[in-house]
Structures are given as structure tokens and as C-alpha cells.
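Structural overview for review
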Amino acid sequence: MLTLLDELAEARIDLSPGRYGLLNACDGGLLEVSGLNAPVGALCQVAQGHGEPLTAEVIGFRNGRTLMMLLGDTVMLRPGARVRPGGHPGMQPVGESFLGRAVDGEGKPIDGGAPIHTRTLWPVGGVRTGALDRSPVRLPFDTGVRALNALTTFGVGQRVGIMAGSGVGKSVLLDMIASGAEADVVVVGLIGERAREVSDFVERHMGRDKRERTVVVAVPADHAPNLRLRGAMLATGLAEHFRSQGRRVLLIMDSLTRVAHAAREIALLLGEPGAARGYPPSALATITKLVERAGNSAQSGGAITGIYTVLADGDNQDDPVVDTARSILDGHIVLSRDLAQRGQYPAIDIAASLSRVMADIVPAGHQALAREFRALIASYEANRDLVLMGAYRAGADPVLDRAIAMHEALSGFLSQPARSTIDLPASLAALQDLLGDAS
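Residue positions are given per chain, counting from 1 as you read along its sequence in written order. Per-residue local features of the predicted model are confined to residues with pLDDT of at least 70, and side-chain atom pairs are confined, for both listing and counting, to 80 or more; whole-chain, interface and lining totals are unaffected and use all residues. To get the side-chain values, all heavy atoms of the structure are used, and hydrogens and water are removed first.

**Points about the sheet that holds strand E6 (residues 82-86)**
What the 6 strands build is a closed barrel, ordered E1-E2-E5-E4-E3-E6; its pairing is antiparallel. Strand-to-strand twist across the sheet, computed as the mean angle between neighbouring axes with direction ignored, equals 45°. Strands are labelled as partners when DSSP assigns at least two bridges between them. Think of it this way: any DSSP run of H or I at least four residues long counts as a helix, any run of E at least two long counts as a strand, and we number them from the N terminus. As paired elements, strand E2 (residues 30-34) and strand E5 (residues 65-70) share 4 bridges and run antiparallel to each other. Opposite Leu-30, over in E5, you have Met-69 as the bridge partner. By the convention used here, residues are in contact when the closest approach between their heavy atoms is within 4.5 Å. To get an axis, fit a line to the C-alpha atoms, keeping to the stretch in contact for a helix; angles then go from 0 to 180 degrees between the N-to-C directions. Across the sheet, helix H5 (residues 225-244) lies against strand E3 (43-46), strand E4 (54-62) and E5, angled at about 80° from E5, the strand it touches most.

**Some thoughts on the packing of helix H11 (residues 364-382) against helix H13 (residues 398-405)**
The geometry of H11 relative to H13 is characterised by a closest axis approach of 8 Å and an angle of 90° between their N-to-C directions. Accordingly, the angle class assigned to the pair H11 and H13 is roughly perpendicular. Of the residues in H13, those in contact with Glu-372, Ala-375, Leu-376, Ser-379 and Tyr-380 of H11 are Val-399, Leu-400, Arg-402, Ala-403 and Ile-404. In this classification, Asp, Glu, Lys and Arg are treated as charged, Ala, Val, Leu, Ile, Met, Phe, Trp, Tyr, Cys and Pro as nonpolar, and every other residue, Gly included, as polar. The class makeup of the residues in the contact of H11 with H13 is 7 nonpolar, 1 polar and 2 charged. Put simply, angles under 35 degrees are roughly parallel, angles over 145 are roughly antiparallel, angles from 65 to 115 are roughly perpendicular, and the rest are oblique.

**Details of helix H4 (residues 195-205)**
Buried residues are those whose accessible area, probed at 1.4 Å on protein chains only, stays under 20% of the maximum for their type, while exposed residues exceed 50% and partly exposed ones sit between those limits. The complete set of buried residues in H4 reads Glu-197, Val-198, Phe-201, Val-202 and His-205. Seen along its axis, H4 keeps its buried residues to an arc of 130°; they face one direction. In this structure, the buried side of H4 is in contact with strand E8 (102-103), helix H3 (170-180), strand E13 (185-191) and strand E14 (214-219). Note that the arc is computed from the directions linking the helix axis to the C-beta atoms.

**Let's talk about the pattern of salt bridges**
Here, a salt bridge means any Lys or Arg side-chain nitrogen found within 4 Å of an Asp or Glu carboxyl oxygen. For the structure on display, the rule yields 14 salt bridges. For Asp-111, the salt bridge identified is with Arg-101, shortest N-O distance 2.9 Å. Placement of the pair is Asp-111 in the loop between E8 and strand E9 (121-123) and Arg-101 in the loop between strand E7 (91-93) and E8, with a sequence separation of 10 residues. Judged by relative accessible area, which is 30%, Asp-111 ranks as partly exposed. On the basis of relative accessibility, which here comes to 14%, the residue Arg-101 falls in the buried class. Overlapping salt bridges, with partners in common, bring together Arg-159, Glu-292 and Asp-330 in one network.

**Looking at the side chain of Ser-336**
Topologically, Ser-336 is positioned in the loop between strand E18 (331-334) and helix H9 (337-341). A relative accessible area of 14% means that Ser-336 is categorised as buried. A polar atom in the side chain of Ser-336 sits 3.3 Å from the backbone nitrogen of Asp-338. Sequence-distant contacts of Ser-336, that is, excluding residues within four places in its chain, are made with Val-168, Ala-347 and Asp-349. Side-chain atoms alone can form a polar contact between residues adjacent in sequence; in general such a contact is a pair of N or O atoms within 3.5 Å, and within protein one must be able to donate a hydrogen while the other accepts it.

**Some words on the nonpolar core**
Here, nonpolar core refers to any group of buried Ala, Val, Leu, Ile, Met, Phe, Trp, Tyr and Cys residues whose side-chain atoms link them within 4.5 Å. Core analysis: the largest hydrophobic core is formed by 58 residues, its most contacted members being Leu-151, Ile-177, Val-216, Leu-250, Ile-307 and Phe-373. The leading source of residues in this core is H11, at 6 residues. In this structure, Ile-177 is in contact with Thr-143, Val-145, Leu-148, Ile-162, Leu-250 and Ile-307, ignoring residues within four places of it in sequence. The next biggest cluster of nonpolar side chains, apart from the first, holds 52 residues, and it includes Val-124, Met-163, Val-185 and Leu-256.

**Concerning the side chain of Asn-296**
Looking at the secondary structure, you find Asn-296 in strand E16 (residues 295-296). Within polar-contact distance, the side chain of Asn-296 engages the backbone oxygen of Ser-135 at 3.4 Å. From its side chain, Asn-296 meets the backbone oxygen of Pro-136 in a polar contact 3.3 Å long.

**Notes on the packing of aromatic side chains**
In this scheme Phe, Tyr and Trp rings, the latter by its six-membered ring, pair at centre separations within 6.5 Å, and the angle between planes marks the pair as stacked below 30 degrees, edge-to-face above 60, and tilted otherwise. Tallied over the entire structure, the rule returns 1 aromatic pair. Judged by centre distance (5.4 Å) and plane angle (50°), the ring pair of Phe-373 and Phe-413 falls under tilted. With Phe-373 in helix H11 and Phe-413 in helix H14 (residues 407-414), the pair connects residues that are 40 residues apart, well separated along the chain. Per residue, the accessibility class of Phe-373 equals that of Phe-413, and both read buried. Across from the ring centre of Tyr-20, 4.2 Å away, lies the NZ or CZ of Arg-82, which sits over that ring. Charges are assigned to positions over rings by a cutoff of 6 Å between ring centre and Lys NZ or Arg CZ, combined with an angular limit of 35 degrees from the ring normal. One cation-aromatic arrangement involves Arg-146 over Phe-413; the distance from NZ or CZ to the ring centre is 5.3 Å.

**A few points about H11**
Here H11 spans 27 Å end to end across 19 residues, near enough to the 27 Å set by a 1.5 Å rise per residue. Within H11, burial applies to Gly-365, His-366, Gln-367, Leu-369, Ala-370, Phe-373, Arg-374, Leu-376, Ile-377, Ser-379 and Tyr-380. In this analysis, the expected span of each helix is defined as 1.5 Å times one less than the number of residues it contains.

**Things to note about the pairing of strand E17 (residues 303-311)**
Across a regular strand the side chains alternate sides, sitting on one face of the sheet and then on the other. Buried residues dominate E17, accounting for 9 of its 9 residues. With 6 bridges joining them, strand E15 (residues 248-254) and E17 adopt parallel strand pairing. Along E17, the bridge assignment pairs Ile-252 with Ile-307. With 2 bridges joining them, E16 and E17 adopt antiparallel strand pairing. Counterpart to Asn-296 in the pairing with E17 is Ala-303. Here E16 hands over to E17 after 6 residues, with Gly-301 in that stretch at a positive phi of 80°.

Structure, rendered in C-alpha cells:
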């Protein structure tokens, strides 16, 4: 871990002439700067009189002018302000110094601690590798949630989406996974969420014995869209850095939809037309690029297990972001508002949820029990109205008869108190006790 004096001693003195451009226009958050050739992704400093300079990111160029977007508000900007390049274009800081810290999208501390000093840089867009470098998922991943462990078992290196509308319990379920999961490093990206949730999460998870292996990257909803996007890139870059060292990393991103919203704002600002319900193609492509950076690495032996929340606007499971995420992820967990209103927490809709790697990582007996549980739940939910009205005649369907008799036990199995942990062996044992050993 570098100290400030070590960083100053290793710094190179730049003797090249200073370059700057002039701010010519500010239109809806889009800045036009003349006389400055800076690559896309570079961070620049915009002078504002005697105050602290503002930071802007280059997002494009047009007709000889560089297009930028501030990482903050446009208040106090004035025409003709000097804009100077800075930092390392296309790179972001990573390293051991981030462990146990909460930072913003630029990697600056928000936990009141000392500044973070590191000379290790990582590409903002990640390190592209060949498809064959992604080794298959073969080991189970313990989430600490009984329903997930037993019925939709995750694997080390899997990418899973938690999909639901607003207020159904996505963040609570993520909190349970972050508390109960076993990993060498936990990287949490809180992107576009409420500031209150950020402070609550940091208070709960940065004051325990797991603090020294946890990093929180938080960019609340009131921050600039490019800063939100950089926060998601920083969280993923930190996870990639630790994976390159052979570690098993748990990457939690809350939420992938807010990342897509940020990418949409930037794309529309640059004039890209909206295609799928107002989402430009580049906004949906951002989801694919971000998710594909997680997974196992055959070269280092490390792994990134990605857990992403996906907000279904209006509880619409056919929303473009939901559909795109579902098509690229290795599994999805659907939370039901109806189940939440009945008092079942976490409100996991087992019939609609799926882990695409479960068949490769659990024994045949476990798979048979999970399929039997799904069949009982699906049969009861499909005929629930008939049962409640008394229109169903007992004996017409043996599976439904058993589902009705076991309904309270099945619902109790799916429920679990918040901030409690049930490991994978205990989850399987509870499933066997409920349905009988199918092995």
C-alpha cells in the first residue's frame, strides 16, 4: 500500500508544454470545447474562477470540437473557461488500497477515511480475453439463502440477475447474499440507488469482520449519468483486478437498470436515436459488455460471480433491459409482488426462476428434489383461484392434492428472515426432510 510520499517519489515530472482548450458551449449538460485534442474517456479539469475546478469526461468529438460531459452539475460554468486534460485516459485506479473502503465513481473515498493511494491502473472497458479463457462453471456457490441454495443453486463464476419491480425486495435479498456468501473479495456497486440505502449498506457491511475483504463503489441517483456509468465500470474493474490475482470475487451490482438508464442519457445527448422503447442500441449494448466481463478465468484460476439486480419498470418482465439481461445472464431470480403482498420474504417466484448451471454442479438426487418442489409450487399457483373458491374436487389431480396439503410447508421453506444465513448443506438437508431423499 503506497503512502503519499512514496507516490510523490515515484511520480514522473511532466516537462511538456501545458495544453488547454476553451469552453464554447453548454447545452443540456453537453459541453463543446475548442482547441483541445483529448481521447474519448479522458478526464479534464474545467476552471471556474477561484473555486475548485470541475471534472468533465470526453464522450465524443464533432466538427473539430471535443464533446464533454461534467461529472457534476453545470452550475458556475462560464463561456471561455479553460479546460485542461488530466489523468490517464481510458484507465482507472485499482488495488489493495480499496479493500475496506467506500468510494465514489472516480475512486475517491466517501467514508471519511484517508485518500486512497495506488499506482495500479486498469482499463475502464476491461481486458478483453478469448472465449476459451472462460472456464466452465463446475463448483457450487453458497449464497446463504435457503431457497436459492436448494432450488436454483448458483455456481462459482456464474452471472445471475435478480428481477423485480420497485419495492419488492431486490436490495434486501442482495443484502442477505452479501452477508452469507463465501468469497475472497466482495465488490459492491450501488449505482443509481437512494443515498439512504448507500449509507445503510455501508454501516451494516463495513463495520464487521468482513470489512477487510469488501469494497463499496457508490454513486447515488442524483449524480451525473457518466459518473454512474464510471462507477459501474470501476466496480467491475476492481473485480477483474482481484480475479487476475487468482481470487474468488463476488461482484454485486445494484442495479443494472440504472446503468442502462445512465447509458441511455449519454447516448440521447449525443443524438443517437431511441430504438427499443426509448433505449438506443448502445445503451443495451452497455449491459452486455458489463456482464460479459464477469465469469471464471482459466489463466489466473480466479472467478467473478456476478449478482445483478434488474428493475422491471411497471413489473413488466418484457422490458428491454429485463429481456436483454435475461438473454445474456446465466440465470435469473424473479421476485413476485403478489408473493410479497402475501407476506412471503424473500418473494422468490421459484417457477419463473432459473439457474442455467445447476444441472452441472449438483448431484442427480438434488436436481430431482428441486424439480419435484417446482412442480408442486407451479401446480398450486396455477390452480390457486379454484382452490380458494372451493371449485376444485379433491382426488382429481394427485399432484395438486399433495401441493394443497403441503402448501404451508412449501411457503415456509421459501421464507427466510432477513439478515439470517442458511448454508448450502443445511439447505439441501431441509429440502430432503421436506420432500424425502430422492437419491
